[in-house]
Amino acid sequence: MKTYYMHTIDDRPASYFSGNGICHMDFYGKPNPLAASLKQIRREQKATVQHRHGLGLKDDETKYGYRRVCLPVES
């Protein structure tokens, strides 16, 4: 099994998009890109909060979370 991490916003699936930060996954049929480590998740959450504060937006960083996802390793 291989462990990955999925971003969440208020416990709903989300993804990190470079330049835009973490956004809700509101489209269907496309896989949600997963993070390779918890360190990556935390780095992207911090970058999102800084990016939005830089735009003058209020952002509650407590709304960001993650879910651990385990997938079988292909042999």
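What this report covers is the structure whose coordinates are included nearby. (Residues numbered from 1 in each chain as written. Predicted model: local features only at pLDDT ≥ 70, side-chain atom pairs only at ≥ 80, totals over all residues. Heavy atoms only, no water.)

### Looking at the pattern of salt bridges
Applying the stated criterion across every chain, the model contains 2 salt bridges. For R67, the salt bridge goes to D11, with nearest N and O atoms at 3.3 Å. Of this pair, R67 sits in strand β4 (residues 64-71) while D11 sits in the loop between β1 (2-9) and β2 (12-17), and the two are 56 residues apart along the sequence. By relative accessible area, which is 57% here, D11 ends up exposed. A salt bridge links K63 to D59, with the nearest nitrogen and oxygen atoms 3.2 Å apart. (Salt bridge = Lys/Arg side-chain N within 4 Å of Asp/Glu carboxyl O. Helix = DSSP H or I, 4+ residues; strand = E, 2+ residues; numbered from the N terminus. Buried < 20%, exposed > 50% of the residue type's maximum accessible area, 1.4 Å probe, protein only.)

### A few points about the pairing of strand β3 (residues 21-24)
Where β2 meets β3, 4 bridges bridge the pair, whose relative direction is antiparallel. Bridge pairing in β3 links S15 to C23. (Pairing = 2+ DSSP bridges.)

### Some words on the sheet that holds β4
An order of β3-β2-β1-β4 is seen for the 4 strands of this open sheet, with the pairing classed as antiparallel. Here the strands that pair on one side only, and so sit at the sheet edges, are β3 and β4. When the angles between neighbouring strand axes are averaged without regard to direction, this sheet yields 50°. Where β1 and β4 come together, 8 bridges link them in antiparallel fashion. By the bridge assignment for β4, Y4 is matched with V69. Packed onto the sheet, helix α1 (residues 38-54) meets β1, β2, β3 and β4 and runs at close to 150° relative to β4. (Axes fitted to C-alpha atoms, helices over the stretch in contact; angles between N-to-C directions. Contact = heavy atoms within 4.5 Å.)

Distances and angles like these do not, on their own, reveal function.
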